[in-house]
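# Structural features, examined
Chain by chain, the residues:
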Amino acid sequence: MITIPDDSVPGAVPEPQRPQSSAVMAMRVITIRKSVDEAPPEFDVEFPAEQGDEAASILESTEELSDDDVAPDSGGAPSAGEPKRSAPAAPPPPPKRSARAQADDKPSPPSLADSRRPQRRPWWEEIFSEDFVRASYRIPDAVIAREVDFIEESLGVAPGGVVLDLGCGDGHHAVELASRGYGVVGYDLSLYQLALAADVAQDRGQKINFLQGDMREMAFEEMFDGIFCWNTTFGYFEEEKNFAVAQRVFKALKPGGMFLIDVVNRDFVAADQPNQLWYEGDACVCMDDMSVDFITSRLRVKRTLILDDGRSRECSYSVRLYALHELGKVLHDVGFRVTEASGSPMTPGVFFGNCSPRIIILAQRP
């Protein structure tokens, strides 16, 4: 979940916090499961099992025998007047190869440098790890409550209905929605973020099913009355994979269910690029170097952290930026019926083009 600061609250300032938590803490409150092969007990629904989604040449030497050569024959020599028969001779042995050539054929053992080289993780796993979460903007509780008001009204789910928070992050929106009487399922790839969400749920006395998984592999079938994907959690992948995620969301909704998607507005962001931003996080100083690739329409960010213990970390990531018509077409091609577009939770149903910082689309599965 990539958070876009909301300046609409007077006097609102970032409140960087980093709850101390662990996955063990999460298990005391709720179950964080790797798979979704059984139903959350609170909602009596079935979670389907995740479906998952390269000659050697033989060289043969032959040599013609002269007419004087006679092949060995157990029946004796040929009779008079019978032409001599020739038989192929055994192939000569291959020439001896040099010791160096033979050594080249042997596979070389892996070097020490190769064995020590760390495997690079996808950026979405790195950017939501413990160190980089320190740079995340902490949304004030008042803003979260106001945004959940907007989510609740937009989805229109009856009390007791089941809602999926896709890319729930640290769980503040999911927990607030659950406190209003809805069955909420939080879904995210980051175990660290889910552990933070478990702490939030415990502090609020809410029991929520938080599931760990990749949205590209999500395999729910007509399970949810509503789904919301908040704070630019959509657009991490290549075009066809982003489209496939939207297809999985469509399948996860019950007929008539609503999908609310919130992303940063491409036309709003592009006007200020390239850009560089310095700010203070939780016990760290952060610098973002940002630019828009106008060919691929992706925002590319290089984030540098200087931590209070003297360490520094770097991570580069990119997010697909959508204009309103592009995102609407993706949803339409999947099968959704777009019903409303907003530029902010403060202006429901109203979009101001490049003056709107966000694109919030409400779509329905027929």
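It should be noted that the structure appears before, not after, this text.
These remarks concern the structure in this document. (Residues numbered from 1 in each chain as written. Predicted model: local features only at pLDDT ≥ 70, side-chain atom pairs only at ≥ 80, totals over all residues. Heavy atoms only, no water.)

## With respect to a nonpolar patch on the surface
Going by this rule: Note that patches include only residues with greater than 30% relative accessible area and no salt bridge, and the join distances are 9 Å for like charges and 5 Å for nonpolar side chains (Val, Leu, Ile, Met, Phe, Trp, Tyr). Only the protein chains shown count as cover for residues, and the accessible areas themselves come from Shrake-Rupley with a 1.4 Å probe. Definition used for salt bridges: Asp or Glu carboxyl oxygen within 4 Å of a side-chain nitrogen of Lys or Arg. Helix and strand definitions follow DSSP, with helices as H or I runs of at least four residues and strands as E runs of at least two, each counted in order from the N terminus.
On the surface, Trp-278, Val-285 and Ile-306 cluster together into a nonpolar patch covering about 300 Å² of accessible area. Mapping Trp-278 onto the fold places it in strand β7 (residues 275-280).

## Notes on the sheet that holds strand β8 (residues 284-293)
Definition in use: Here, any two strands with at least 2 DSSP bridges between them count as paired. Working convention: axes come from line fits to C-alpha atoms, limited for helices to the stretch in contact. Angles between N-to-C directions cover 0 to 180 degrees.
Strands sit in the order β7-β8-β9-β10 across an open sheet of four strands; the sheet is antiparallel. Two strands lie at the open edges of the sheet, namely β7 and β10 (312-320), each paired on one side alone. Strand-to-strand twist across the sheet, computed as the mean angle between neighbouring axes with direction ignored, equals 15°. When β7 meets β8, the two strands line up antiparallel, connected through six bridges. Bridge pairing in β8 links Tyr-279 to Cys-286.

## With respect to the pairing of β10
Every other side chain in a regular strand lies on the same face of the sheet, so the side chains alternate between the two faces. Of the strand pairs in this sheet, strand β9 (residues 298-307) and β10 are connected by nine bridges, and their pairing is antiparallel. If you follow Leu-305 over to β10, its bridge partner there is Arg-313.

## Structural notes on the nonpolar core
The test is simple: The criterion is simple. A nonpolar core is a set of buried Ala, Val, Leu, Ile, Met, Phe, Trp, Tyr and Cys residues joined through side-chain atoms within 4.5 Å. Exposure categories follow from relative accessible area, calculated using a 1.4 Å probe and restricted to protein chains: below 20% of the type maximum is buried, above 50% is exposed, and the middle band is partly exposed. Throughout, a contact is declared for two residues whenever any of their heavy atoms are within 4.5 Å.
One finds Phe-220, Phe-224, Ile-227, Phe-234, Phe-259 and Phe-336 to be the most contacted residues of the largest nonpolar core, which totals 53 residues. The residues touching Phe-336, leaving out its near neighbours within four places in the chain, are Ala-246, Val-249, Phe-250, Leu-253, Phe-259, Leu-331, Ala-363, Gln-364 and Arg-365. Core analysis: the second largest hydrophobic core is formed by 29 residues, Ile-139, Tyr-182, Ala-197 and Leu-362 among them.

## Details of the packing of aromatic side chains
Condition: Aromatic pairs are defined between Phe, Tyr and Trp rings, using the six-membered ring for Trp, whenever the two ring centres lie within 6.5 Å; interplanar angles under 30 degrees are classed as stacked, those over 60 as edge-to-face, and all others as tilted. Remark: a charge is flagged as sitting over a ring if the NZ atom of Lys or the CZ atom of Arg is within 6 Å of the ring centre and within 35 degrees of the ring normal.
Tallied over the entire structure, the rule returns seven aromatic pairs. Between the aromatic rings of Tyr-187 and Phe-220, the centroid separation amounts to 5.8 Å while the plane-to-plane angle is 75°, which identifies the pairing as edge-to-face. Of this pair, Tyr-187 sits in strand β3 (residues 183-188) while Phe-220 sits in the loop between β4 (209-212) and β5 (224-229); the two residues are 33 residues apart in sequence, bridging distant segments of the chain. Each member of the pair, Tyr-187 as well as Phe-220, is classed as buried. Pairwise contacts between aromatic rings join Tyr-187, Phe-220 and Phe-224 into one cluster. Lying over the aromatic face of Tyr-322, Arg-320 brings its terminal NZ or CZ to 4.5 Å of the ring centre.

## A few points about unusual backbone geometry
Most peptide bonds adopt trans geometry, and most residues besides glycine take a negative phi value. For the peptide bond that leads from Gln-273 to Pro-274, omega is 0°, which places it in the cis range. Of note, Pro-274 is situated in the loop between α10 (266-270) and β7. A positive phi angle is found at Glu-222, which is not glycine, with a value near 50°. Structurally, the position occupied by Glu-222 is in the loop between β4 and β5. We classify Glu-222 as partly exposed; its relative accessible area is 41%. Despite not being glycine, Ser-297 has its phi angle at roughly 55°, a positive value. Tracing the backbone through its elements, the reader meets Ser-297 in the loop between β8 and β9.

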